[in-house]
Amino acid sequence: MKKSLVALAALAFVGVASAQSSVTLFGVVDAAYEHVSGSALAGSVNGLVQGANSSSRLGFRGTEDLGGGLNAGFWLEAGLNNDSGSGANTSANNQTSQNSGGGLTFNRRSTVSLAGNFGEIRLGRDYTPSFWNDTIFDPFGTVGVGAATNATIALGGANGIQTTVRSSNSIGYFLPGNLGGFYGQAMYAMGENSSNATAGGFDTSKNGNVMGGRIGYANGPLNVAASYSQTKIAALDNYKKANIGVSYDLGVVALMAQYNQEKLGAPGAFGAEKNTTWLLGLNAPVGPGNIVASYNRAKFDNNAVKADQYALGYVYNLSKRTALYGTYAHVKNNGTSANVTAGALAGNAGASGVIGSSNGFDLGLRHTF
Amino acid sequence: MKKSLVALAALAFVGVASAQSSVTLFGVVDAAYEHVSGSALAGSVNGLVQGANSSSRLGFRGTEDLGGGLNAGFWLEAGLNNDSGSGANTSANNQTSQNSGGGLTFNRRSTVSLAGNFGEIRLGRDYTPSFWNDTIFDPFGTVGVGAATNATIALGGANGIQTTVRSSNSIGYFLPGNLGGFYGQAMYAMGENSSNATAGGFDTSKNGNVMGGRIGYANGPLNVAASYSQTKIAALDNYKKANIGVSYDLGVVALMAQYNQEKLGAPGAFGAEKNTTWLLGLNAPVGPGNIVASYNRAKFDNNAVKADQYALGYVYNLSKRTALYGTYAHVKNNGTSANVTAGALAGNAGASGVIGSSNGFDLGLRHTF
Amino acid sequence: MKKSLVALAALAFVGVASAQSSVTLFGVVDAAYEHVSGSALAGSVNGLVQGANSSSRLGFRGTEDLGGGLNAGFWLEAGLNNDSGSGANTSANNQTSQNSGGGLTFNRRSTVSLAGNFGEIRLGRDYTPSFWNDTIFDPFGTVGVGAATNATIALGGANGIQTTVRSSNSIGYFLPGNLGGFYGQAMYAMGENSSNATAGGFDTSKNGNVMGGRIGYANGPLNVAASYSQTKIAALDNYKKANIGVSYDLGVVALMAQYNQEKLGAPGAFGAEKNTTWLLGLNAPVGPGNIVASYNRAKFDNNAVKADQYALGYVYNLSKRTALYGTYAHVKNNGTSANVTAGALAGNAGASGVIGSSNGFDLGLRHTF
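Residues numbered from 1 in each chain as written. Chains lettered and ligands numbered in written order. Predicted model: local features only at pLDDT ≥ 70, side-chain atom pairs only at ≥ 80, totals over all residues. Heavy atoms only, no water.

This part takes up the packing of aromatic side chains. Evaluation of the coordinates by the stated rule reveals 33 aromatic pairs over all chains. On the basis of an interplanar angle of 45° and a centroid distance of 4.5 Å, the ring pair of tyrosine 127 of chain A and tryptophan 132 of chain A is categorised as tilted. In this structure tyrosine 127 of chain A comes out as buried when scored by relative accessible area, which is 9%. With centroids separated by 6.1 Å and ring planes inclined at 50°, the aromatic side chains of tyrosine 33 of chain C and phenylalanine 361 of chain C adopt a geometry described as tilted. Within this pair, whereas tyrosine 33 of chain C is found in strand E1 (residues 22-37), its partner phenylalanine 361 of chain C is found in strand E19 (residues 357-368), the two being separated by 328 residues in sequence. (Phe/Tyr/Trp six-rings, centres within 6.5 Å; stacked < 30°, edge-to-face > 60°. Buried < 20%, exposed > 50% of the residue type's maximum accessible area, 1.4 Å probe, protein only. Helix = DSSP H or I, 4+ residues; strand = E, 2+ residues; numbered from the N terminus.)

Let us now look at the pattern of salt bridges. Counted under the stated rule, the structure contains 18 salt bridges over all chains. The partner of arginine 297 of chain A in a salt bridge is aspartate 308 of chain A, and the shortest N-O contact between them spans 2.8 Å. Of the two residues, arginine 297 of chain A is situated in strand E16 (residues 289-300) and aspartate 308 of chain A in strand E17 (residues 305-317); the sequence distance between them amounts to 11 residues. A salt bridge links glutamate 120 of chain B to arginine 122 of chain B; its shortest N-O distance comes to 2.9 Å. On the basis of relative accessibility, which here comes to 16%, the residue glutamate 120 of chain B falls in the buried class. One salt-bridge network, held together by shared partners, links Arg57, Glu77 and Arg108 of chain A. (Salt bridge = Lys/Arg side-chain N within 4 Å of Asp/Glu carboxyl O.)

Let's shift gears to the side chain of aspartate 138 of chain A. Residues and elements named next belong to chain A. Tracing the backbone shows aspartate 138 in the loop between helix H2 (132-136) and strand E7 (166-174). The side chain of aspartate 138 sits in the buried core without any salt bridge; lysine 241 is the nearest counter-charge, 11 Å away. At a separation of 3.3 Å, a polar atom in the side chain of aspartate 138 contacts the main-chain amide nitrogen of threonine 142. (Lys, Arg positive; Asp, Glu negative; His and termini not counted. Polar contact = N/O pair within 3.5 Å; in protein donor to acceptor, adjacent residues only side chain to side chain.)

Further remarks concern the interface of chain B and chain A. Listed by partner, the interface residues are 44 residues for chain B and 45 residues for chain A. With both chains or domains summed, chain B and chain A bury close to 3,700 Å², and 70% of this area falls on carbon and sulfur atoms. Looking at the side of chain B facing chain A, the largest losses of area belong to Leu25, Leu48 and Arg321 of chain B, adding up to 15% of the total buried there. Linking chain B to chain A there are 0 salt bridges. (Contact = heavy atoms within 4.5 Å. Buried area = accessible area lost by both parts, 1.4 Å probe.)

Once that is clear, we can look at a nonpolar patch on the surface. Residues and elements named next belong to chain A. A grouping of Phe118, Ile121, Tyr173, Leu175, Leu179, Phe182 and Ile215 is seen on the molecular surface, where their side chains present a nonpolar patch of about 590 Å² in accessible area. Relative to the assigned elements, isoleucine 121 resides in strand E6 (residues 119-127). Judged by relative accessible area, which is 33%, isoleucine 121 ranks as partly exposed. (Patch = residues over 30% accessible without salt bridge, like charges linked within 9 Å, V, L, I, M, F, W, Y side chains within 5 Å. Areas by Shrake-Rupley, 256 points an atom, 1.4 Å probe, with all protein chains shown as cover.)

Let's shift gears to the environment of alanine 257 of chain C. Residue and element names in this part refer to chain C. Tracing the sequence through the fold places alanine 257 in strand E14 (residues 254-264). Placed 26 residues apart in sequence, alanine 257 and asparagine 283 show a C-alpha to C-alpha distance of 12 Å. Contact partners of alanine 257, with chain neighbours within four places excluded, come to Phe137, Ile244, Gly245, Val246, Leu279 and Leu280.

So yeah, pure geometry; function would need other evidence.
Pasting the structure below:
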C-alpha cells in the first residue's frame, strides 16, 4: 500500500509517459575540516573543504525504455563547493577554463545517450577515458589529502591541461556489459577551432581535440584496465597520458596498484615535460568501516622533482549512505626542487622554497542521496 | 481516493499542503555533431552543439489550485550548454548581458503567476511577445543550422539588443484559453534606470523598457498570429519589431509562412538599421518521423546584405520523447557584403571577406524529460 | 501492476534505502513591482524585484534516519533573482564576494549535518548566528522596502563585510530541541588564509575567521534571544555585532522589538565605525491576511547619519503557500549627512546629496513550494 502511494508521486513529479522511465535526483554533500602544514609550505592553513571522501555533487539523470532493447538517457551532474555553496568550472572548448565566478555548472558530466545491445553512444561533456584508472585504482579516489594526484605536478604550466579529467564536446562509445567481464570505451572530443586557426606561428586548428580509449577486464576479485589519451595543444605539442591499473580483492583486504605516464612534447614554451607516477594501495574492512592506505611516488623529469606520499585513512560507515572519515597524508620531496603538497588548502599556503615535506589531515562527514 | 494518495506523495516530495498541487522537473538534453564550411567563412569548424533540434534546458515548474478557478504557479527554466555543462546568459536590466562565465541561470524563463477566468498575470523573465512568431512559424524553431534567424544580421552592433527573445523585469498578461480560438498576450518590462539617467547626452532613463503584444487565432488546421514590440534604447532610438505568421495543416503536410521587420532608429551611432525577413516552410510526417524544410530570405538595409537560406531536415522519432535528427542548411549571400552564416559554430570560423556562401549540417540526438 | 512499476521509479528518484528518508525540492518565487523616490535620491526608479515578501530561492534538502536517534541531513539552497533568472553571490573565504556574473550558487545555505540527542553539528555555508535576530524580530524579515536593514549603512566601505548574513567554511553546533524552550547555537568559520599571510603591514592570517553564538527562549507567546559574533578583518580591526530581540504574541497582535550594535575597530582605513539600530514592530491578523508595521531608527556614528524608517504592509493570503502583498516605507534622514534609502532599487537612483527622505512601495505575489 505504501508503495502505491509513492508511485503516484513519481508520476506527478517526473511527468513521465512510460512506466519504465525514471528521473533521479542524486548527489553527495561531503565536508571536512582540513589542516595542512610542513616545511615545504610557507605557512599552515585550516579550513573546510568539500569532497575529501567523495566529490560533492548535485545531479539529475534519467532513462527511457525505447523498446527493442534500446534506451535513451541523460545525465546532468554539477560539482559542488559546499563549503561556500559555489559551483565548479568547466571548459567550453577543452582549452580554456570557464566560470571562476562560482556559478553552478554541470561540469562533472552532461550527456545524452543511446544504449542497446551494441553498447552506448554518449554525447556531451564526460570523463576522459584515461582518468578512470587514476581514480579507480587509488584507494582515496583522487580526493582529499590522500589523493595520489596531490603528489603530481600539473603539466603545461599556468594554463594547465583542461582535459586530464573530463572533455567537453565529446562523442563516446562504450562496449556493452555482456562481454564476460571485458569492458571498454573510446572518446573523441573537439576543440571547435576554425580549420585556419593559428596562434604564435603554430597551427592551432586542432587544439583541444581529444582522442582516448580504455579497455579492461573485471571478473570476481580481479579488475585490470589500461588506457591512453591525447589532447592536441599546438604550442606544447600533444599532451599524452597512458596508464594501467589493477586491483584484487582478497576478502580481508583489497589490494591495488597503478602506473601512470604523462608527456608534453618538445616544441612547447615549457620544453618537454614528463610525469611518471605509481601507486600501491589497500582497502580493508575493519569493524563498521574501512581502513584505506596508499603509498605513491611521482617523478617530474623537467626540474628533477621527486615526491613520495604516504596516506592512511579510516571511513566509519554510519549507514550505506553516510560516513564519518579521517585521513592523514605526508608528502616528502626528494629531488632538487619541491613543488608538491598535500591537500586542497596547501595552495593557500604557497611554497616555502625549502625542499621539505608537507602534511595534511581531513576530518569529515559524507552524505550521499 | 486517488487524489489523497497523490497528496501524500506530493507532501513527501514537495512539501505541499494541497492535493491539487504538483511540482514538475522537466528538461531537454539535445546534442548534435555540427560541421560548418563555405566560401563566406574563413575556415571550417567541427564540433558538438546543444539544442539543434530543441534547445537544451532544465526546469522546475509547479501549480497550486487556490480554489474558485484561481491558480498560482511558478516556472524556472535554465538554458543548458550540455556540450560543456555550462549555463546560459541572462540580462538583469534588458540592456547588458550577464554571466559569460557559464554558471546556470534561469535565463529561459523565471516567473511567478496568478491565473483564473480573467487570464493570467505573469511576473519575471519571460519571452518577449514578438519572439513567438519567429519560432512557431519556423519549421526549425529558431534552432540548429536550419534556423531562419541564422540568415539575419543582429541589429545594434556589438552590444546587440538584449530583448529580441526574452525580457527581464516583465509584467505579462495572457488572455484566457476559452475565447473560441483567439489568443493574445501583452508585456511591459522595465530597464530599472533612474529617472534622471543620461549617457553621452542622451536621456537613458527608459533604456531597456519593453512594450509588446501578440494576438492570434488557432482553430483546427489554421494558426495565424501578429505581434509587435519595442525596446527603448536612447542612443540608438527605439528598437521595433513587427511580424506575422501563419500555418495550415493539410494532414499530409503542414505549411507555414512568416514575415518579419526590425528597425533601429536614426539617432544611433550605427545610423538607421532595418531587417526584413520572410520564410516559407513545411513539416510533413513521413514514416516514423518528419521531413522539415524551409526557404527564407533576409535583407539588411544598412550595408546591402541580402541572404537566401535553404534548409532541409529529417527528425526520426524513437519515441514521443526521443529523436535522432539530421539537418542541412545552405546560406547564399547576394548583396554587396556578406555577414550571414549557418550554424552555431560558424562564429568560430569567422568571415572570409568573400561574398559567398556557407553550409552546415547537424546530426543529433534529442531527449526530453 | 502499473502501480508497482511506478513505485520503483519513486525509489529510484530519491535513491533512498530507508522508509524514513526523504529528499525535498523546495523554494519560493516572489516578485514585486517596486517604485522608489524621494528627495534623498537623485531620481526615481520603477522595476520588478525578487523576494520583497520572502526571499526567492530554490533548494534541495534531505534527511536520513541512521537509527538510535541519529540523523544525517543535507541542505542546498540557492538564492534566486527571479526578475532576471540569475543567481546570487557567495564568498569562498568570507573576505571577498564571488559570482557577480549571475550563475546559480547555493549561497543561502549548503550544509551537511549530523543530528541526535546531543543536538546538531552542521558543516558548510550557513547563517551567521547574529543575523537571526535581525530578521526574526523584524516584521518585514529583512526583505522588501520595509526591511529595517534598509535604514542601516553597511560598515567597512566598498568591500563590505561578507559575513553579516552568512559565513562559508563554517562548523556549527545547535542545541537539541528538548530543553524546555531554550535554544542556542554556536559557529566557528574559517577564512582559510596561510598562517604567514600579511597585507599592507597587517597580519591577515585570521581574516575571514568568524566566531558567534546565539541563545534564546521561546515558550507560548514569548520569544527572546541574544546573539554576538565577530569577524576578523586585520586592516579594519574586528567586525563585532551584538543584538537582542523579543516578540510577544497577544493573539490579536504580535509585538516585537530589537536592539542591534555593530562596530569596526580603530586601526582600519575608515577609522572606527559604529551602527546602533533599534526597532518596534507588529504583526496583526486582519481578515484573510496580516497587517505588518514597524518603526526603526539607525544611527551611524562615523559621519553623524541618523535615519528613521516607518513601514506598513498588508499580506493577503490566497492560500498557505501563496499571497498578494503591498508594503510602503518611508526613510527620513535627520543627521548632517544622508546615506540611507528604501528598497532594493534605490541603489539604481543614487544619492541626491540632499539630507532628505526616500520612499518606496512594493506590490507583489509570493508563491512557496
